[in-house]
There are 2 protein chains.
Amino acid sequence: MKDIKHFLRQNSLRPTKQRVIIANYLFDGINKHVTAETLSNELLKMKAGISLATIYNTLHDFYEKGLLKKLMINSERIYFDTNTEHHHHFYSKKDQKLIDINVDMKVSGLPKPPKNKKINKIEVLVHLDN
Amino acid sequence: MKDIKHFLRQNSLRPTKQRVIIANYLFDGINKHVTAETLSNELLKMKAGISLATIYNTLHDFYEKGLLKKLMINSERIYFDTNTEHHHHFYSKKDQKLIDINVDMKVSGLPKPPKNKKINKIEVLVHLDN
DNA sequence: ATATCAGTTTAGAATGATTCTAATGTATTG
DNA sequence: CAATACATTAGAATCATTCTAAACTGATAT
Ligand SMILES: [Mn+2]
Ligand SMILES: [Mn+2]
Ligand SMILES: [Zn+2]
Ligand SMILES: [Zn+2]
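What counts as what
Residues numbered from 1 in each chain as written. Chains lettered and ligands numbered in written order. Predicted model: local features only at pLDDT ≥ 70, side-chain atom pairs only at ≥ 80, totals over all residues. Heavy atoms only, no water. Near = heavy atom within 4 Å. Polar contact = N/O pair within 3.5 Å; in protein donor to acceptor, adjacent residues only side chain to side chain. Helix = DSSP H or I, 4+ residues; strand = E, 2+ residues; numbered from the N terminus. Donors = N, O, S within 2.8 Å, 3.2 Å for Na, K, Ca; no water. Buried < 20%, exposed > 50% of the residue type's maximum accessible area, 1.4 Å probe, protein only. Phe/Tyr/Trp six-rings, centres within 6.5 Å; stacked < 30°, edge-to-face > 60°. Lys NZ or Arg CZ within 6 Å of the ring centre and 35° of its normal.

A. The arrangement of the protein's contact with DNA strand D in detail. Looking at DNA strand D, there are 19 residues lining it, with Thr16(A), Arg19(A), Thr54(A), Tyr56(B) and Ile78(B) nearest. Atoms of DNA strand D within 4 Å of the protein: sugar and phosphate make up 79%, bases the balance. Arg9(B) places a polar side-chain atom, nitrogen or oxygen, 3.3 Å from a phosphate oxygen of DNA strand D. In the environment of DNA strand D, a phosphate oxygen lies 2.5 Å from a nitrogen or oxygen atom belonging to the side chain of Tyr56(B). Put simply, the parts of the chain that give the surface near DNA strand D at least two residues each are α2 (17–26) and α4 (52–64) of chain A together with α4 (52–64) and β3 (77–81) of chain B. At three residues, α4(A) tops the list of elements feeding residues into the surface near DNA strand D.

This is the structure:
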């Protein structure tokens, strides 16, 4: 991302110091899966003292602008995904790590949804053992 | 379930008053998806004053004996599933409801898992719109 | 049956991720 | 450089869940 400030403005987000630092980290071209905690740790490593409140605010602001996807995989924390395309995941509970599955997968044999309900999206989660 | 006490003993669980009531509700032949809260509400309806601590303890005891499956679908609560067979779900976020998909579904195009990792299980979650 | 003891229940405290509050700081615009 | 709307923050609050430790009960042995 060359011009993060421009990128934030394009998405109706004021380019504050904190948002610029977080956006630079998240949108560096390498897709990431972060939690508030892992992001906080990364920011501490780069000596950016950004409060947890701001980290939560920023993740949600980015999410609302469609810059992040939310993943509800684990009932003890929320993951945010910089890959906003529809895709699936490998998940290692042991490592608490997600890995993107970007290839086309097809699910066959799906029954009809219940009356008056429409399918929004199909999510495949492949649990890994070790 | 005719003899719940026997069933509990078979699973190395003492048939206490509370466990009998909860098992009778959960294993009545109709598969259910419960949270501690929904279960507590059902028990209140049948005038069984069982403490939340016991509800949590019992759900986890049953889970550890393999009588329940745990579903991590929503980051704000844990669902327990009386259907312990491998199966998939429709999920309505609006209704906070899960519906079993028992038919055989096949996922094709799955890539190889990362080095040194084995696939444990594949979970398909079909999100419904309304 | 009664005693004994391990296992169970429970109220209430603790935990931990997340959200809220309200005071202070800053980006934007004229 | 104001004025103002928006953003950051420390700390409190929330809420599902887990923990603690005291009282209770089912199972087993006398
Ligand atoms: Mn987190
Ligand atoms: Mn619950
Ligand atoms: Zn992803
Ligand atoms: Zn189910």
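The rest of the description comes next.
B. Geometry of the coordination of the zinc ion (ligand 4). Residues and elements named next belong to chain B. All of the protein donors around the zinc ion (ligand 4) are His 33 (NE2), Asp 81 (OD), His 87 (NE2), His 89 (NE2) and Asp 100 (OD); their distances to the metal are 1.9 to 2.3 Å. On the primary sequence, the residues serving as donors to the zinc ion (ligand 4) are separated as H-x47-D-x5-H-x1-H-x10-D. Comparing Asp 81 with His 87, the two get one shared label, buried.

C. Broad picture of the packing of aromatic side chains. Residues and elements named next belong to chain A. Using the criterion set out here, one finds four aromatic pairs over all chains in the structure. An angle of 35 degrees between the planes, with centres 5.7 Å apart, marks the rings of Phe 27 and Phe 62 as tilted. You can see Phe 27 sitting in the loop between α2 and β1 (33–34) and its partner Phe 62 sitting in helix α4, a full 35 residues away along the chain. Taken as a pair, Phe 27 and Phe 62 share a single burial class, namely buried. Directly above the aromatic system of Tyr 25 lies the positively charged group of Lys 32, at a separation of 5.2 Å from the ring centroid.

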